[in-house]
Amino acid sequence: MRFHSPQKLKTIADLIGAKPVGPEDFEVLGTNEIHRVQPGDIVFVNHPKYYDKALQSAATIILIDKEVECPEGKALLVSDDPFRDFNRINTHFTRIYNFTEELHDVEIGEGTHIHPSAVLGNNIKIGKNTLIFPNVVIGDRTVIGDNVVIQSGTVLGGDAFYYRKLNGSFDRLISVGNVVIEDNVEIGNNCTIDRGVTDSTIIGEGSVLDNQIQVGHDTVIGKKCLIASQVGIAGCCIIGDEVTVWGQVGMASGNTVASGTVLLGKTGVNRDLEKGTYIGMFAEDYKTYLKKEIKLRNLE
């Protein structure tokens, strides 16, 4: 999430009651989740296991629960609870849960048709010649391109599934990102595409999604992908262009699938995949899988 205007390190420190380490006028441009950070972003870390990853990431401001040596060219915000304070920063600079307020800043292109039962949030942009069917929900800050079809019951921009366990219950990391649907995309009935925690969940140009598909926060699906029903894609995945995903495939978070890959039905993706055709619970190469099956049958 980028702030509307650059902030200073001291301003953010005062906002959350954290100790700043670095020049008071150190520039802060926004916040981001570790998988999508850029220079100028704040990233949070609250476990020693991930200190190095956060400190060496592209982020230049690290919200951390212990004062450590600060890398050159970066700054720290030392907090007793970085998770809590990351939420404080994001909610301070972004309005959330606005469906009860009067709509504003909704742009709708020429030739677009939206069924009266659809629910639209705020700060939404919809391009030309797009069709929005009954009972679609479009969350705040969603961007939809030209010639898009969104079938009934689909929800764009739900909260990310991102929690920590605290005092015996679950504490939500508040989602302030958005969903971007590029031109010529078709999305089937009853799909759920979560908005990014602080960045965008993206469905690339020309991709087609069947019914009942879940796409997690901050995932990027490339151009001209074909995804069949009941697929579940976790957060922060990267799917290349022209990938085919058949029914009931499941992808664990943070994995990358190369362009041109085919994932056959019920494949489980638990690691990064090079271009190929895969099947099975642990995404085996299809030809290798067939050879193994032939050997097993020949044992009889």
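In this report, we go over the structure that sits alongside the text.

What counts, and at which threshold
Residues numbered from 1 in each chain as written. Predicted model: local features only at pLDDT ≥ 70, side-chain atom pairs only at ≥ 80, totals over all residues. Heavy atoms only, no water. Core = buried A, V, L, I, M, F, W, Y, C linked by side-chain atoms within 4.5 Å. Buried < 20%, exposed > 50% of the residue type's maximum accessible area, 1.4 Å probe, protein only. Contact = heavy atoms within 4.5 Å. Phe/Tyr/Trp six-rings, centres within 6.5 Å; stacked < 30°, edge-to-face > 60°. Helix = DSSP H or I, 4+ residues; strand = E, 2+ residues; numbered from the N terminus. Lys, Arg positive; Asp, Glu negative; His and termini not counted. Salt bridge = Lys/Arg side-chain N within 4 Å of Asp/Glu carboxyl O. Polar contact = N/O pair within 3.5 Å; in protein donor to acceptor, adjacent residues only side chain to side chain. Pairing = 2+ DSSP bridges. Axes fitted to C-alpha atoms, helices over the stretch in contact; angles between N-to-C directions. Parallel < 35°, antiparallel > 145°, perpendicular 65-115°, else oblique. Nonpolar A, V, L, I, M, F, W, Y, C, P; charged D, E, K, R; others polar. 1 Å grid on protein atoms, 1.4 Å probe; cavity = no way out; pocket = protein on both sides within 12 Å on 5 of 7 lines; lining within 4 Å. Points joined across faces, edges and corners; volume = space filled by probe spheres on them.

Remarks on the nonpolar core
- Membership of the largest hydrophobic core comes to 38 residues, with the highest contact counts inside it found for Ile138, Ile144, Ile181 and Ile193.
- Here Ile193 is in contact with Val155, Leu156, Gly157, Gly158, Val179, Ile181, Ile187, Thr201, Ile203, Leu209 and Val215, once residues within four sequence places are set aside.
- One finds Ala13, Ile42, Ala75 and Ala160 within the second-largest nonpolar core, a separate group that totals 23 residues.

A look at the packing of aromatic side chains
- Under the definition given, this model contains four aromatic pairs.
- When the centroid spacing of 5.7 Å and the interplanar angle of 85 degrees are considered together, the rings of Phe44 and Phe83 count as edge-to-face. With Phe44 in strand E4 (residues 41–45) and Phe83 in helix H3 (residues 82–93), the pair connects residues that are 39 residues apart, well separated along the chain.
- A residue is classified by how much of its surface remains accessible, and Phe44, at 14% relative accessible area, is buried.
- Assessed through its relative accessible area of 2%, Phe83 is described here as buried.
- Grouped by ring-pair contacts, the aromatic residues Phe44, Phe83 and Phe86 constitute a single cluster.

Re the side chain of Lys74
- Mapped onto the elements of the fold, Lys74 is located in the loop between strand E5 (61–64) and strand E6 (75–78).
- The buried charged residue Lys74 lacks any salt bridge, with Asp52 as its nearest oppositely charged partner at 11 Å.
- From its side chain, Lys74 meets the backbone oxygen of Ala59 in a polar contact 3.1 Å long.
- The residues contacting Lys74, other than those within four sequence positions of it, are Phe26, Leu55, Gln56, Ser57, Ala59, Thr60 and Ile62.

Points about the environment of Gly73
- Tracing the chain through its elements places Gly73 in the loop between E5 and E6.
- Among residues more than four places away in sequence, those in contact with Gly73 are Phe26 and Thr60.

Quick word on the pairing of strand E18 (residues 178–181)
- Alternating positions in E18 separate into two faces, Asn178 and Val180 on one and Val179 and Ile181 on the other, with burial throughout.
- Relative to E18, strand E13 (residues 143–144) runs parallel, the two being bridged by two bridges. Considered in E18, the bridge of Ile144 is made with Ile181.
- Of the pairings in the sheet, the one linking E18 to strand E21 (residues 200–203) comprises four bridges and is parallel in character. Of the residues in E21, the one forming a bridge with Asn178 is Ser200.

Examining the pairing of E5
- The alternating pattern of E5 places Ile61 and Leu63 and Ile62 and Ile64 on opposite faces, both of which are buried.
- One ladder, built from four bridges, connects E5 with E6; its direction is parallel. Each residue of the ladder has a partner; that of Ile62, found in E6, is Leu76.

Looking at the pattern of salt bridges
- Tallied over the full model, the rule gives 15 salt bridges.
- The salt bridge partner of Asp80 is Arg84, with a shortest N-O separation of 2.7 Å.
- Residue classification places Asp80 among the exposed residues on the basis of a relative accessible area of 66%.

Examining the sheet that holds strand E7 (residues 107–108)
- Taken together, the eight strands give an open sheet; going across it, the order is E7-E10-E13-E18-E21-E24-E27-E30, and neighbouring strands pair in parallel fashion. Where the open sheet ends on each side, the last strands, each with one partner, are E7 and strand E30 (256–257).

Regarding unusual backbone geometry
- Despite not being glycine, Asn167 has its phi angle at roughly 55 degrees, a positive value.
- Along the chain, Asn167 falls in the loop between strand E16 (163–166) and strand E17 (169–172).
- For Asn167, a relative accessible area of 76% gives the class exposed.

Digging into the sheet that holds E5
- Spatially, six strands are ordered E1-E3-E4-E5-E6-E2 in an open sheet, and the strand pairing comes out mixed. At either end of the open sheet lies a strand with only one pairing partner, and these are strand E1 (2–8) and strand E2 (19–21). This sheet shows a mean twist of 30 degrees between the axes of neighbouring strands, independent of strand direction.
- Taken strand by strand, helix H1 (residues 9–16) contacts E1, E2, strand E3 (27–31), E4, E5 and E6, and its axis lies near 100 degrees from that of E1.
- Here H3 sits on the sheet in contact with E1, E3, E4 and E5, set at roughly 150 degrees to E4.

Section: the packing of H1 against H3
- Two elements in contact, H1 and H3, have axes separated by 10 Å at closest approach and are oriented at 110 degrees. Regarding the angle of H1 to H3, the classification is roughly perpendicular. Note on element contacts: H3 touches H1 through Asp85, Arg88, Ile89, His92 and Phe93, opposite Ile12, Leu15 and Ile16.
- The class makeup of the residues in the contact of H1 with H3 is five nonpolar, one polar and two charged.

So, the layout of surface pockets
- Of the voids in this model, the largest pocket is the one considered here, and its volume is about 490 Å³.
- Forming the walls of the largest pocket are 23 residues, and the residues nearest its centre are Met1, His4, Thr94, Arg141 and Val176.
- Residue composition of the lining of the largest pocket, by class: five nonpolar, 10 polar and eight charged.
- Counted as a void, the second largest pocket has a volume near 380 Å³.
- As for the second largest pocket, its lining consists of 19 residues, of which Ile34, Phe44, Asn46, Tyr50 and Tyr162 are closest to the centre.

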